[in-house]
Amino acid sequence: MSSIAFKPFTGLRRSSAVPTTTITTNSTGLSKAVKFHASAAKTSPKLSNRNLRVAVIGGGPAGGSAAETLAKGGIETFLIERKLDNCKPCGGAIPLCMVGEFDLPLDIIDRRVTKMKMISPSNIAVDIGQTLKPHEYIGMVRREVLDAYLRDRAKENGANVINGLFLKMDMPQRWDEPYVLHYTEYDGKKGAMGEKVSLEVDAVIGADGANSRVAKAINAGDYDYAIAFQERIKIPDEKMVYYENLAEMYVGDDVSPDFYGWVFPKCDHVAVGTGTVTHKSDIKKFQLATRNRAKDKILGGKIIRVEAHPIPEHPRPRRLSGRVALVGDAAGYVTKCSGEGIYFAAKSGRMCAEAIVEGSQHGKKMVDEGDLRKYLEKWDKTYWPTYKVLDVLQKVFYRSNPAREAFVEMCADEYVQKMTFDSYLYKTVAPGNPLEDLKLAVNTIGSLVRANALRKEMEKLNV
């Protein structure tokens, strides 16, 4: 058993002057400088002869973004990830604002989607994307490429990236004691079994996904989760032309009772997948239906990879305990209706890390639960309304095939498309036009009435 030593805390001292840090991320002209003040409570103990130590468990977008921000902010950072080549079964769509905000190089984006087709249960297809401006697009990435890039950048900025499997965590009994992490390290020298290692840190960020062991360690509680199933299919070059800048979304009881199926383009293949919360045991049946709905366009394709993974459906009951905070999927930050999680994972990781940098005065002082709670307060204030709105939309429009038909019908409206894309691409609430909002409300009611009438007629036929 090997371990990494931990230097003891020092006594309480007054805080020093408050510095200001400016972080600028700009490779595409879409981002802007972000300023935050580094401030610690006057009673926070000042660290002697070392900087604050923080472990990030999990190396996806949440973990990579958190580790980079911590390292840049003067924190001694450890990022522990078991599968450094992990390919998560994820559609891989990212909003335009993420490219600039996280300074992502354009060469890691496989496709720039400017057109989408929403396909109803009766195979009525609605073209979406007519309101996009010439420079706007939805980025399509492969998770193994994006995740590796964010981890590598964190390492370049000083984070210690460890190929290891997190096992458990010993909780401190007093305020001046560390968290002791236990993990198996795989460095290529100890063989396939790896080496058992312990690490002492001041704070922990759990970014280890839906089955988070960090969440279990702090009794964060359970939540509903979806099973996402995805096949990567290499299709003939002439068919790949069709998906050059196009993504498809299929809705219907056949592809999912409570979500949707997708065909998203990647560099040289398409990702075909679906998900469900309510009928997990039928996921392969839904996947087959999704593939059948798209069969003419992927005919002759060869499955090159099969992936499955749990996806959280709502935030955990507890996302913070002491000096341990959850981010990304571990916290439950995946939106209903759209299933989006990449941007929110990266954003939550960065916000949590910023709170630690601020609270510790760039790693010079100890942090406490109050410092980390600032991240949760900021997160909930900024994004909670988005989650609630999408939750309602899923309950209204994904409950039956007639309701899905109404949903697809609504998607044909240009105003709906503009509001949807503006909100998605820039992660802000797009200002609406009162007259158009009223018109949309009337049209929505009309679509639902027609859907209900259709449902009743179908029930008569079934009788």
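About the criteria used
- Residues numbered from 1 in each chain as written.
- Predicted model: local features only at pLDDT ≥ 70, side-chain atom pairs only at ≥ 80, totals over all residues.
- Heavy atoms only, no water.
- Helix = DSSP H or I, 4+ residues; strand = E, 2+ residues; numbered from the N terminus.
- Buried < 20%, exposed > 50% of the residue type's maximum accessible area, 1.4 Å probe, protein only.
- Areas by Shrake-Rupley, 256 points an atom, 1.4 Å probe, with all protein chains shown as cover.
- Contact = heavy atoms within 4.5 Å.
- Phe/Tyr/Trp six-rings, centres within 6.5 Å; stacked < 30°, edge-to-face > 60°.
- 1 Å grid on protein atoms, 1.4 Å probe; cavity = no way out; pocket = protein on both sides within 12 Å on 5 of 7 lines; lining within 4 Å.
- Points joined across faces, edges and corners; volume = space filled by probe spheres on them.
- Nonpolar A, V, L, I, M, F, W, Y, C, P; charged D, E, K, R; others polar.
- Domains from an automatic or database assignment.
- Pairing = 2+ DSSP bridges.
- UniProt positions renumbered as here; feature names shortened; annotations may be inferred.
- Expected span 1.5 Å × (residues − 1).
- Axes fitted to C-alpha atoms, helices over the stretch in contact; angles between N-to-C directions.
- Parallel < 35°, antiparallel > 145°, perpendicular 65-115°, else oblique.
- Left-handed = near helix turned anticlockwise from the far one by under 90°.
- Polar contact = N/O pair within 3.5 Å; in protein donor to acceptor, adjacent residues only side chain to side chain.
- pLDDT = per-residue confidence, 0-100.
- Salt bridge = Lys/Arg side-chain N within 4 Å of Asp/Glu carboxyl O.

Enquirer: Looking at this structure, how should I read the overall build of the protein chain?
Expert: On a plain count of helices and strands, the protein chain comes out with 13 helices and 21 strands. Here the protein chain, with 463 residues, has 55% of them falling under the buried criterion. When the accessible surface of the protein chain is totalled, it reaches about 20800 Å², and 54% of it is carbon and sulfur.

Enquirer: For this particular structure, what's the right way to read the environment of Ile303?
Expert: Here Ile303 shows up in strand S19 (residues 302–312). Of the residues examined, Ile303 reaches a relative accessible area of 39% and is grouped as partly exposed. Apart from residues lying up to four places away in sequence, Ile303 is in contact with Glu231, Arg232, Ile233 and Arg291.

Enquirer: How do you make sense of the packing of aromatic side chains when you look at a structure like this?
Expert: Under the criterion given, the structure shown has 14 aromatic pairs. Considering the side-chain rings of Phe344 and Tyr383, the 5.4 Å spacing of their centres and the 80 degrees angle between planes classify their relative orientation as edge-to-face. On the criterion of sequence distance, the pair formed by Phe344 in helix H9 (residues 342–359) and Tyr383 in helix H10 (residues 369–397) is long-range, its members being 39 residues apart. Look at Phe344 and you get buried, because its relative accessible area is 1%.

Enquirer: Explanation requested: empty space enclosed by the protein in the structure shown.
Expert: Rolling a probe over the atoms, with the probe sized like a water molecule, indicates the empty space that remains. Under the defined criterion, the tally for this structure stands at 2 cavities of 30 Å³ or more. Its volume calculated, the second largest cavity comes out at about 30 Å³. Residue composition of the lining of the second largest cavity, by class: 2 nonpolar, 1 polar and 5 charged. Mapped onto the domain boundaries, the lining of the second largest cavity takes at least three residues apiece from domain 1 (47–92 + 142–223 + 316–396) and domain 2 (224–313).

Enquirer: Help me understand the sheet that holds strand S7 (residues 111–113), please; the structure alone is not making it clear to me.
Expert: One key point about sheets: their strands pair by backbone hydrogen bonds, in either a parallel or an antiparallel sense. With respect to topology, 3 strands assemble into an open sheet ordered S6-S10-S7, the strand pairing being antiparallel. This sheet does not close on itself; its edge strands, each paired only once, are strand S6 (93–94) and S7. Bridge count between S7 and strand S10 (residues 138–140): 3 bridges; the pairing is antiparallel. Residue Val113 lies in a different strand from S10, and its bridge partner there is Ile138.

Enquirer: Help me understand the UniProt feature "domain: FAD-binding" (unreviewed entry) in the protein chain in this model?
Expert: UniProt annotation of "domain: FAD-binding" (unreviewed entry) refers to residues 53–83 when read in the numbering used here. Taken end to end, residues 53–83 comprises 39% helix and 35% strand; its first and last C-alpha atoms sit 23 Å apart.

Enquirer: Before we go on, may I ask you to explain H9 in this structure?
Expert: Look at H9: 26 Å from first C-alpha to last across 18 residues, which is about the 26 Å you get at 1.5 Å a residue. Summarising burial for H9: 17 of the 18 residues are buried, a large majority. The first or second residue beyond H9 is Gln361, which carries a positive phi of 50 degrees.

Enquirer: Even after reading the chapter, I still don't get the packing of helix H1 (residues 61–72) against H9, so can you show me in this structure?
Expert: A pair of packed helices can be characterised by two numbers: the angle between their axes and the separation between those axes. Remark: H1 packs on H9, axes separated minimally by 7 Å, with the N-to-C direction vectors making an angle of 30 degrees. Classified by the angle their axes make, H1 and H9 are roughly parallel. The way H1 lies across H9 gives a crossing that is right-handed. Contacts from Pro61, Ala62, Ser65, Ala66, Thr69 and Leu70 of H1 reach H9 at Ile342, Ala345, Ala346, Gly349, Arg350, Ala353, Glu354, Ile356 and Val357. Per-class residue counts for the contact of H1 with H9 are 10 nonpolar, 3 polar and 2 charged.

Enquirer: Could you clarify how one ought to interpret the side chain of Lys347 in this entry?
Expert: When you line up the elements, Lys347 lands in helix H9. A relative accessible area of 17% means that Lys347 is categorised as buried. A polar contact is formed between the side chain of Lys347 and the side chain of Glu101, at a distance of 2.5 Å. Aside from chain neighbours lying at most four places away, what touches Lys347 is Glu101, Phe102, Trp379 and Tyr383.

Enquirer: Sorry, what's going on with the sheet that holds strand S15 (residues 225–234) here?
Expert: The strand order across the open sheet built from 7 strands is S9-S8-S16-S17-S18-S15-S19, with neighbouring strands paired in mixed fashion. If you trace the sheet from one side to the other, it starts and ends with strand S9 (125–128) and S19, each paired once. In this sheet, adjacent strand axes meet at a mean angle of 15 degrees when their direction is disregarded. Pairing between strand S8 (residues 115–119) and S9: 4 bridges, direction antiparallel. Looking at S9, one finds that Met118 is bridged to Val126.

Enquirer: Where do I start with the confidence of the model for the protein chain in this structure?
Expert: One rule of thumb: low pLDDT means the predicted coordinates there are not for detailed reading. Averaged over all residues, the pLDDT of the protein chain is 85; the fraction at 70 or higher stands at 83%. In the predicted structure, residues 1–40 sits below a pLDDT of 50 and forms 112 contacts with residues beyond four places in sequence or in another chain. Overall, residues 444–449 carries pLDDT values under 50, and its contacts beyond four positions in sequence, including any with other chains, amount to 9 contacts.

Enquirer: When you look at the pattern of salt bridges in this model, what are you seeing that I'm missing?
Expert: Two side chains carrying opposite charge are able to pair once their charged atoms lie near each other. All told, the structure shown has 24 salt bridges when counted by the stated rule. Between Arg293 and Asp254 there is a salt bridge, with its nearest N and O atoms 2.9 Å apart. Within this pair, whereas Arg293 is found in helix H6 (residues 283–293), its partner Asp254 is found in the loop between strand S16 (246–252) and strand S17 (256–265), the two being separated by 39 residues in sequence. The class for Arg293 is buried, based on a relative accessible area of 14%. Under the relative-accessibility criterion, Asp254 is labelled partly exposed at 33%. Overlapping salt bridges bring together Glu144, Arg232, Arg305 and Glu307 as one network.

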